[in-house]
Amino acid sequence: MQRTAIILVSFFFICDQPVAQQYPFVHYTPKDGLINSRVHKAYQDSKGRMYFLTYGGLSVYDGIRFKNYTTQDGLAVSLVNDILEVGDDSLLLATNSGNYLNVLVKGKVQSLKLSSTNFPVINQFYHHENGKIYLSSDDGLFILENNAIRKLNSSLLNKGVELSYLGNITGAGNWLVLATNELNHRRNFYLYDIEKNRVCDSLSKTVYLVGKDEGNRIWASASDKLFMLDRLSLEKGKLLLTSPSGGYLQVKDYSAPNIAFGKNCIWVVHRNKDYKNLEIRRVDEGGDLLKIPLPDMAMSSIIRNAFVDKENSIWLCNDGEGVFKIVNSPLRVFENPIGKSTPVFIDDAFYSDNVTWYSTITNKLFRKSDQGLEEFNTNLEPSPEIFYNNGKKLLAHDHRNIYEGTFNLLQKSIFFQKIVSLPENDFWGKKMLIDPMGNLVTVQASGLGVWKNNKQVFHLPIEKPGIIEGLILDKNNLLWVLKRYSGIDIYKIQHENESKYLELVCHFPNEKIKGSPRCFVIDKTGLIWIGTRDDGVVCYRKEGNNLAQLHQFYTGNGLTDNFVTTLSCDSLNNIIVGTQTGLDRILSLNNNLYRIEGLSKSSNFFIKINQVWSDSKQAYALSSSGLLLQLSPTSKETTGSSPQLLLEDLRVNAQPVTPGKKEFRHQENNISFWVAAPSFIDEKQVAFSYLLEGSGNKQWSDTTSANAVINLTNLSPGKYNLKVKAFFPSTSYVPAELSYPFEIFSPWWQKLWFRIGMGTLGMAILVVIIRFYYGRKLEKEKTILEKQQAIEKERTRIATDMHDDLGAGLTRIKFITENIAENAVAVSLKPDVEKLKASSAELIEKMGEIIWAMNEKNNTLEDLFFYLRSYAVEYCNENNLNCEFLIPENIPQKIIGGQIRRNVFLVLKESLHNIVKHACAKKVKIVISANTGLHLLIADDGNGFILAEQHDGNGILSMQHRAEALNGKLHVSNLNGTIITLDIPL
């Protein structure tokens, strides 16, 4: 916001002499956002917002922005007569209309719904101490209660004449004090008895009622005087005007149509008797008077109202030029600190033991002490610069000489006698001091010098470039010397050895000092503060032979300028900082914390500062143009509690919504928060920082005034908590905080019920699909199983038939053959019969194997294992072969098809046949097991064989084919015999 700052000159008295002081104003106009330049009243609510009642509507100012209301926003008419806070963010508005009352609730203008139909033109609200709201109007006196406006008996002393055109109203106890407004040609003064509901006294005098001060005293103003109402007479129901008492007596003859009441003081808009000069005068109960002339633009039209806010700043409402605010700043600027009618340029100031000396560019010297301001003529022009004064001895210097002054109190003059001079090739620096032994230590272009009895006894050359920027004796009487280019030297003063008067005890090179130093000071706790050319102020602590940096203050954290020209430490251990563009104060808080008080910024007064110094009460500064700046002493905040941090506006997707809304739909994810912290001491310096909890970011934003509008975009659904802090660099207020929790709901397709429903539906569909899939699969498997069962049954039937028919037949053949063989006598038939006998036995055996493989009753793995063992043991016994057959204790309960049983059996049979026939083995070991597959191992201790030589046999090849038919593998190896392994998946 662009605001116009005006520096004016006012007059007040120090030591009974008028002193010119510059005092800053801040001017607000429609250019800044004010709705209308004709402002007739100001008001402040409990949260600190300022309200300006104009002829064109209502303006609400929160220190960040103006929010304006007109008839388009709901006002009955644009002219707003009065405003009164009646609740949290609820205010009554009286417009210049007899149609209805307005209310401003949470930033929205509405019409107040009342049961009565009597709506007078209300001029002023008055909230009495009894809790009731009284209304002065063009039609008399009314009361607002029980949701209705009721007219009170306002007849003039029971004469039947009704009071009209009532304006100002106030009261105390059982009484209301009323005055008529400018529309009534009889400007009378009335007293109303609340209990008896009647006017009980009046004065035929043109009186402008003002109001009550903090002492509950009622003030009134006539055309040429100020009055107080006599309290004892008021309690008796009588109006008696008396002159102000105490320190206020001096304003009794003021022509003051406007008075504002501050803390233990009043502010009066006063026009001189010649009606040419209009000024603001501040008078406190002790009688101190401050006069502040108004700017020409403020005097071009009428000051309608003066108002003092909670921070003791004064606002002037002008009928045509907007609003003027007198800045409440601890900085006072004196154009002529010596109080002379003819300006005298101050060139230098020196303070010691509650005495301040001012050197000028003339032959004048001025001494300010508790006894007042004294002027002395000197024999030198310009007057030399004082650097030492102990009440008896006065020392001063110019560019090349040091002088001792002799007083002539009768003639008010000082004669300076030259006591030390430097050669042409040397000159004094700005720094020189007297050491504890009374010797003079000086800074010269050639180095450091020590002078005893006006003779130089020691000289320490400084290597070039070695400009000395500071010279300080600490509490241990160590001499600190700050050099621009080569760091800091600390010397011990050796009075007994003049040849080594300054002994170097410590050196801090320039590399340990940040920036290019220009000045320094040691505070009351021993911390070293160095002002630099480009890096602001840096604070260090001496730790042995090291400097530890503790703090740095620069423009980024509130300093007016990074070029620091001078430093001083006041009586409260605050650091006064003079820069090339203004003045700051670094306030010492608790726990080694500090805060920058931007004095130049808060006063809107910028100038180069040459010197700063402090006495036991206040601090001072001298500018390059000779202006004296006085700093009020710091103290705990006396203006009340810290300002509140307010949520002024809330916008969702760029559309305004009611502040306080905490729940948003998923598409309402672009939210703007407009915050403010109403403080008007220096509202442009108020800065904000925020943190959005729930976003994953745990870092606070930068502290800046731009954060008064917080834009949060593309927020995901979830719960959030916006935390905001307001900082007040120009005051000692603690940061104000605001927490605003809110939630952005998920879209309906991301709701829990929708997810559960969709999950349930998905599961149901999946179940249906699985059931359908496995149903179809089961049907297929059932069909296959039925076919297999049919095949197995058919195989079983065939096996049964073979057993019953073929088996019986082959058995008879076998018996017949055996019978023939036993009874045959022909030798020639004997071999054939034996062959027939063997063939029939072999056929019976093979048929038994086929029947075993085909019979479904033998389809378990256990049946297979036992059948194989039975066959192997029997076969080996018949062929004199030792057989070891190993079967697992726990055989899996698995069904084995006939094809697998047959092929496995045939592999075992062929292997045993080969062992008996070819291996010449004595022992065979068979191991069979089953898990995910069937594993068969057959090992003998025979002579083995070479596979390549078995080309004439089909046994091995046949076994391999059988293994492949079962998707298995057959492996044959020779290792002290033959090892055959068969692996078949099950």
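Reference entry: report on the structure contained in this document. From a predicted model like this one, the values you see are computed outputs, not experimental measurements.

**A look at the overall build of the protein**
Part 1 of the argument: Helix and strand counts for the protein come out as eight helices and 70 strands.
Part 2 of the argument: Across the 986 residues of the protein, 49% fall into the buried class.
Part 3 of the argument: When contacts within the protein are restricted to residue pairs at least 6 apart in sequence, those whose partners lie at least 24 apart make up 51%.
Part 4 of the argument: Total accessible area on the protein is roughly 48,400 Å²; 50% of this is exposed by carbon and sulfur atoms.

**Some points on the pattern of salt bridges**
Part 1 of the argument: Counted by the stated rule, this structure contains 28 salt bridges.
Part 2 of the argument: Residue Asp89 pairs with Lys47 through a salt bridge whose shortest N-O separation is 3.4 Å. Linking Asp89 in the loop between β7 (80-87) and β8 (90-95) with Lys47 in the loop between β3 (39-44) and β4 (50-54), this pair joins segments that are 42 residues apart in sequence. Each of the two residues, Asp89 as well as Lys47, counts as buried.
Part 3 of the argument: Beyond isolated ion pairs, a larger network of salt bridges with shared partners links Asp45, Lys47, Arg49, Asp88, Asp89 and Glu648.

**A word on the sheet that holds strand β63 (residues 709-712)**
The strands making up a sheet associate through hydrogen bonds between their backbones, and the pairing can be parallel or antiparallel.
Part 1 of the argument: With antiparallel pairing, the four strands of this open sheet are ordered in space as β59-β58-β61-β63. Each edge of the open sheet carries a strand with a single partner, namely β59 (655-657) and β63. Averaged over all adjacent pairs, the angle separating strand axes in this sheet is 30°, with direction ignored.
Part 2 of the argument: Bridging between strand β58 (residues 646-652) and strand β61 (residues 671-676) involves six bridges; their strand directions are antiparallel. When the sheet's bridge partners are listed, Leu646 is paired in β61 with Ala676.

**Comments concerning helix α8 (residues 955-965)**
Part 1 of the argument: Those residues of α8 that fall on the buried side of the exposure criterion are Gly955, Ile956, Met959 and Ala963. Mapping the buried residues of α8 onto a view down its axis gives an arc of 95°, with all of them on the same face.
Part 2 of the argument: Next to the buried residues of α8 lie α7 (898-919), β69 (969-974) and β70 (978-985).
Part 3 of the argument: Just downstream of α8 lies Asn967, where phi reads positive at about 60°.

**Topic: the packing of aromatic side chains**
Part 1 of the argument: Under the defined criterion, the tally for this structure stands at 34 aromatic pairs.
Part 2 of the argument: Ring plane angle 40° and centroid distance 6.4 Å describe the contact between Tyr740 and Phe742, whose orientation is recorded as tilted. Of the two residues examined, Tyr740 and Phe742, each falls in the buried class.
Part 3 of the argument: Relative to Phe905, the ring of Tyr871 has its centre 4.8 Å away and its plane inclined at 70°; by these criteria the two rings are edge-to-face. A residue pair is termed long-range when its members are at least 10 positions apart, and Tyr871 in helix α6 (residues 861-878) and Phe905 in helix α7 qualify at 34 residues. The pair formed by Tyr871 and Phe905 is uniform in burial state, with each residue classed as buried.
Part 4 of the argument: The ring centre of Tyr55 lies 3.8 Å from the NZ or CZ of Arg38, which sits over that ring.

**Comments concerning the side chain of Thr95**
Part 1 of the argument: Along the chain, Thr95 turns up in strand β8.
Part 2 of the argument: Not counting the four nearest positions on each side in its chain, Thr95 is found in contact with Leu75, Ala76, Val77, Leu79, Val80, Asn81, Asn102 and Ile122.

**Let's talk about α6**
Part 1 of the argument: The end-to-end C-alpha separation of α6 is 26 Å, in line with the 26 Å expected for 18 residues at 1.5 Å each.
Part 2 of the argument: Within the span of α6, buried status applies to Leu861, Leu864, Phe865, Leu868, Tyr871, Ala872, Tyr875 and Cys876. Along the axis of α6, the buried positions cluster into a sector of 140°, meaning they face one direction only. Within α6, the exposed residues directed more than 90 degrees away from the buried face are Asn877 and Glu878.
Part 3 of the argument: Once α6 ends, the next one or two residues include Asn880, with phi positive near 55°.

**Quick look at the nonpolar core**
Part 1 of the argument: Leu908, Leu912, Val924, Ile926 and Leu936 are the most contacted members of the largest nonpolar core, which totals 39 residues.
Part 2 of the argument: Of all the secondary structure elements, the ones that give two or more residues to this core are α6, β66 (882-886), α7, β67 (923-930), β68 (933-940), α8, β69 and β70.
Part 3 of the argument: Setting aside anything within four residues of it in sequence, one finds Leu912 in contact with Tyr871, Ala872, Tyr875, Cys876, Val924 and Ile926.
Part 4 of the argument: Among the nonpolar cores identified, the runner-up in size contains 28 residues, and Phe664, Val675, Ile710 and Ala726 belong to it.

**A short note on the environment of Leu433**
Part 1 of the argument: With respect to the helices and strands, the residue Leu433 is situated in strand β39 (residues 428-434).
Part 2 of the argument: The exposure class assigned to Leu433 is buried, which follows from its relative accessible area of 16%.
Part 3 of the argument: Separated by 45 residues in sequence, Leu433 and Tyr388 place their C-alpha atoms 7.4 Å apart.
Part 4 of the argument: When neighbours within four sequence positions are excluded, Leu433 is seen to be in contact with Asn439, Leu440, Val441, Leu471, Ile472, Leu473 and Leu479.

**Topic: a nonpolar patch on the surface**
Part 1 of the argument: Taken together, the side chains of Met758, Leu761, Ile765 and Ile769 make up a nonpolar region of the molecular surface, amounting to roughly 370 Å² of accessible area.
Part 2 of the argument: Relative to the elements of secondary structure, Met758 occurs in helix α4 (residues 752-823).
Part 3 of the argument: The partly exposed category is assigned to Met758, whose relative accessible area is 43%.

**Looking at the sheet that holds β3**
Part 1 of the argument: Read from one edge of the open sheet, four strands run β3-β4-β5-β6, paired in antiparallel fashion. Of all strands in the sheet, those with a lone pairing partner are β3 and β6 (66-69), marking the two edges. Going from strand to strand, the sheet's axes swing by 20° on average, the running direction of each strand aside.
Part 2 of the argument: Pairing between β4 and strand β5 (residues 57-61): five bridges, direction antiparallel. When the bridges of β5 are listed, Thr54 appears paired with Gly57.

About the thresholds
- Residues numbered from 1 in each chain as written.
- Predicted model: local features only at pLDDT ≥ 70, side-chain atom pairs only at ≥ 80, totals over all residues.
- Heavy atoms only, no water.
- Helix = DSSP H or I, 4+ residues; strand = E, 2+ residues; numbered from the N terminus.
- Buried < 20%, exposed > 50% of the residue type's maximum accessible area, 1.4 Å probe, protein only.
- Contact = heavy atoms within 4.5 Å.
- Areas by Shrake-Rupley, 256 points an atom, 1.4 Å probe, with all protein chains shown as cover.
- Salt bridge = Lys/Arg side-chain N within 4 Å of Asp/Glu carboxyl O.
- Pairing = 2+ DSSP bridges.
- Axes fitted to C-alpha atoms, helices over the stretch in contact; angles between N-to-C directions.
- Arc of directions from axis to C-beta.
- Phe/Tyr/Trp six-rings, centres within 6.5 Å; stacked < 30°, edge-to-face > 60°.
- Lys NZ or Arg CZ within 6 Å of the ring centre and 35° of its normal.
- Expected span 1.5 Å × (residues − 1).
- Core = buried A, V, L, I, M, F, W, Y, C linked by side-chain atoms within 4.5 Å.
- Patch = residues over 30% accessible without salt bridge, like charges linked within 9 Å, V, L, I, M, F, W, Y side chains within 5 Å.

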